[in-house]
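Spelled out, the chains give:
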Amino acid sequence: MHPPLSSQKVNLQMQGITVRYGSFIANDGVNISVDHGQTLALLGENGAGKTTLMKVLAGIIKPESGRIQINGKEVQILSPIHSQQLGIGMVHQHFMLIPTLSVAKNVCIGLKSAGYPFPNILKVENELIKISEKYNLQIDPKAIVSTLSVGTQQRVEILKALYRGAKILILDEPTSILTPQETHGLFGIIKFLTGQGCSVIFISHKLNEVMEISDRITVLRQGKVTAEISKDETNEKDLSILMVGHEFTKKRTIKPVPPEASELVKIDRITYFDERKLPVLRELDLTVKKGEIHGIAGVDGNGQVELAKVLAGILRPDSGRIFINGNDVTKLSPGKRITAGLAHIPGDRQRLGLVMDVSLGENFILETSGKEPVSKHGILNFNNIRNTSKQLIKDYDIRCISVDQTAATLSGGNQQKLVLAREFSRMPKFIIAMQPSRGLDVGATEFVHEKLLEQRENGNGILLISTELDEIFELSDRISVIYEGKILATLSREVANRERIGLLMTGKTDV
Amino acid sequence: MIGDLFSFLTSSIFEGFLTASMRLAIPIMLAAIGGIYNERAGISNIGMEGFMIVGSLTGFVVSYYSGSVWIGILAAIFLGILLGLIMGYFEITLKVNQVVFGISLNLFCVGLTSFLFRIIFGITSNSPRITPLPTIMIPILSKIPVIGPILFQQTALAYITYILVLITAIIMYRSAWGMNIIAAGENPEAAETMGVDVIRTRYYAIIISGVLCSIGGAFLSTASTGLFVQNMTAGRGYIALAILVIGRWDPFGVFIAALLFGAADALQLRTQLFNFDIPYQFLVMLPYILCMVVMIFFSKSSRAPAALGEPYDRGGKKSEI
């Protein structure tokens, strides 16, 4: 069997790592080092090259140049399994688990030491119980992975790495899917592991978390290391400048919504059952006023996706009604709702927001192609399309070569700008924004937030659904928490605080 | 009363129906058991029909000239391996569209086998025949009412099929290799990070599928009839795909689902003899209609492997930066 942790002390050094994707340099001569018992935070924006660097360590990507040393010995990491044999365990952002199999089977897939050709699952289960108890992971090795919560699945990933002999544990954006309380629990596990001599590499773009958990911090910007410092020598403000290249101020002065503002959208006891006949939305009530951003906080998977789709008309609720400006739109198709003034910024912009293989110009007219001046008697007016598209590209600062290039060739941030430009140019009254800054860097996120606030200034109502609490707190006038398909509470921004919202996100209402 | 019921269960007509149910089920069962391997590993095999008809012809021709049905079946196994490799090369290595390739292969194989059959035997009025595999009555067990005729009054190839069902269950649920197959079909990227060679696993899976489909086809010509007829598989390869869904990609589920289909087929064949005032074409439709009706009920609860039909690109997946 693989000993979960040996007393052997491990340090890791990566020197001059360079990775290129075509002409794009993802890692440019990057150096990092971690000692045993230490937590190194790898801080950087989306696209700074953090995940690429870790994929090199995990044996998924081979670097163009650079050296890796473990315990002073130079190594070539040939494959994922070789990386594990060297004592490296990676917990990917998207879990590498087989949902239909039990925890024990997941842990020992591909391991001949568990027994070959017939693995001794009973023995593996017993070993897992021991490791789980030792590190207080609280996992039942018999459980089928698909029945476990996201937080538990993450612990299964950690357990898997430990069982497979990891002494250096890489956690890629581990907190992005956790509630504040679960994050707290994870930090406890990390501290315990480093106390046992394990090294942890913690990848994040969240400054407060990095300051809380790490011993040393390496900051990456556009593929290069901009700083390598000990936590005690720095602070959040300095780190943010190192990460983004300039200081970003988040303080805005926003006029409060007048209390007499009229109701724009009313959602009345919406219930929706998924294809397994399980209730995903349960008699959900919600209102959005004119000139208001109403933020919906919650852990991923509590009905957010379905709520957005029901409002947009993509899913039909099993009961309940939706009113926009007092008109019942429950039975209207998405097209008719668009005419009624609805705009939808979907969470999955590549599938629901854009047609990736057609031009920017065609993407702009998806919702208006049948109307003048875009077309007349069913014939498209390309002059008009070209000119409006060019104007929108200018107004929304979409970085592209021409209106004829396909949406797929744009970066994530520019794709989102394209969606915003199309939706907002129709002069909507009510906007559903689902995870509008997902996967965007700080600059693009700022842009999206400013555009949403601009719509608010214009007196439009916005429903902002996000699992990023920072985003919710920054933009919302009122904050509601969704839990298991119900709104547990609605708080005004004055009384809402992270702790209270965090507890509500776990379903605790008695606070 | 109870005595009457008992005599009905042991009447020769009813026993004939029961043995026929299993006999008609075996070819589909073999193909669907093969399908468990490739579909659980994440590749679809729409080409089962083609694999089967090739097995039918190969099994027949080689049996005819060698004088031994078992040599014929061995030859069918060999061609199954070959076809599995070809399909693997197209679907796993070249990553062509799996549905399009499977259907083209089926059309090609049906045409090719008819053509080769005529080349080999010419167009004759009395079609060539071989002596099919004999029925082996298992002592004692074959005397059990109902169960006996279904399970224990069959040919050796049927008994081999039962063993294959058991072996498949052991592989899928108890062996390391079965875990690799399931991992490759649910989350190939994860499988690869845990040291599973997804490409190789999928190749083995499609080859096994090819072999089992081919034996299923050979069963039709060498065990149930003793002759070869153009297009004699008549869509059984497609039905096997449905049986996979109804059987929930589980060896025992597939066993039951195939037997159910076989029973419906046996029932319609017998009903034809009674000269009811129904055009026989409607009776022929019966098992297929049953199949569709059952699928209505199973479509919701039956979940296909998550990565089924998705080609795997090693490290070539557009990785996030």
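Residues numbered from 1 in each chain as written. Chains lettered and ligands numbered in written order. Predicted model: local features only at pLDDT ≥ 70, side-chain atom pairs only at ≥ 80, totals over all residues. Heavy atoms only, no water.

A.B. asks: Account for the overall build of chain A, naming residues and giving values.
C.D. replies: Counting its regular elements, chain A contains 17 helices and 22 strands. By the compact-globule yardstick of 24 Å for 511 residues, chain A fits well, its C-alpha radius of gyration being 25 Å. Projected onto its principal axes, the C-alpha coordinates of chain A cover approximately 75 × 50 × 50 Å. Put simply, of all contacts in chain A between residues at least 6 apart along the chain, 67% involve residues at least 24 apart. About 22700 Å² of surface is accessible on chain A, with carbon and sulfur atoms providing 50% of the total. With 62 positive and 57 negative side-chain charges, chain A shows a separation of 3 Å between the mean positions of the two kinds. (Helix = DSSP H or I, 4+ residues; strand = E, 2+ residues; numbered from the N terminus. Rg over C-alpha atoms; globule rule 2.2 N^0.38 Å. Contact = heavy atoms within 4.5 Å. Areas by Shrake-Rupley, 256 points an atom, 1.4 Å probe, with all protein chains shown as cover. Lys, Arg positive; Asp, Glu negative; His and termini not counted. Charge placed at Lys NZ, Arg CZ, Asp CG, Glu CD.)

A.B. asks: Describe the side chain of Arg-422 of chain A, with residues and values.
C.D. replies: All names here are of chain A. Residue placement: Arg-422 occurs in helix α14 (residues 412-425). Side-chain polar atoms of Arg-422 contact the backbone oxygen of Asn-363, separated by 3.3 Å. Those residues in contact with Arg-422 that sit more than four places away from it in its chain are Gly-353, Leu-354, Asn-363, Phe-364, Leu-366 and Glu-367. (Polar contact = N/O pair within 3.5 Å; in protein donor to acceptor, adjacent residues only side chain to side chain.)

A.B. asks: Tell me about the interface of chain B and chain A, and name the residues and values.
C.D. replies: Across the contact, 24 residues belong to chain B and 37 residues belong to chain A. The interface formed by chain B and chain A includes 0 salt bridges. Joining chain B to chain A, the criterion identifies 5 residue pairs in polar contact (both at pLDDT 80 or more). Put simply, the parts of the chain that give the side of chain B that touches chain A at least two residues each are α7 (156-174), α8 (176-186) and α9 (188-193) of chain B. Here the element with the most residues in the side of chain B that touches chain A is α8 of chain B; it accounts for 7 residues. Of the residues belonging to the side of chain B that touches chain A, the class tally is 11 nonpolar, 6 polar and 7 charged. (Salt bridge = Lys/Arg side-chain N within 4 Å of Asp/Glu carboxyl O. Nonpolar A, V, L, I, M, F, W, Y, C, P; charged D, E, K, R; others polar.)

A.B. asks: I'd like to hear about the side chain of Gln-154 of chain B, residue by residue, with values.
C.D. replies: Residues and elements named next belong to chain B. Checked against the element boundaries, Gln-154 lands in strand β2 (residues 153-155). On the basis of relative accessibility, which here comes to 4%, the residue Gln-154 falls in the buried class. Looking at Gln-154, its side chain comes within polar contact range of the main-chain oxygen of Pro-149, at 3.4 Å. From its side chain, Gln-154 meets the backbone oxygen of Ile-150 in a polar contact 2.9 Å long. (Buried < 20%, exposed > 50% of the residue type's maximum accessible area, 1.4 Å probe, protein only.)

A.B. asks: An account of unusual backbone geometry is needed here, citing residue identities and associated values.
C.D. replies: Glycine aside, negative phi is the norm for most residues, and most peptide bonds take the trans geometry. Across the junction of Tyr-116 of chain A and Pro-117 of chain A, the peptide omega takes the value 5°, indicating a cis bond. Residues other than glycine seldom take positive phi values, yet Lys-95 of chain B does so here, at roughly 60°. Residue Lys-95 of chain B is classed as partly exposed on the basis of its relative accessible area of 31%. The backbone of Ile-140 of chain B shows a phi angle near 65°, a positive value even though the residue is not glycine. Within the secondary structure layout, Ile-140 of chain B lies in the loop between β1 (135-137) and α6 (147-152).

A.B. asks: Which residues make up the UniProt feature "transmembrane region" (unreviewed entry) in chain B, and what values do they have?
C.D. replies: Residue and element names in this part refer to chain B. The residues that UniProt annotates with the feature "transmembrane region" (unreviewed entry) are residues 20-38, 50-67, 73-92, 99-121, 159-183, 203-229, 238-260 and 280-298. As annotated, residues 50-67 has a helix share of 94% and a strand share of 0%, and its two end C-alpha atoms lie 25 Å apart. Across residues 238-260, the secondary structure splits into 83% helix and 0% strand, with the terminal C-alpha atoms separated by 16 Å. (UniProt positions renumbered as here; feature names shortened; annotations may be inferred.)

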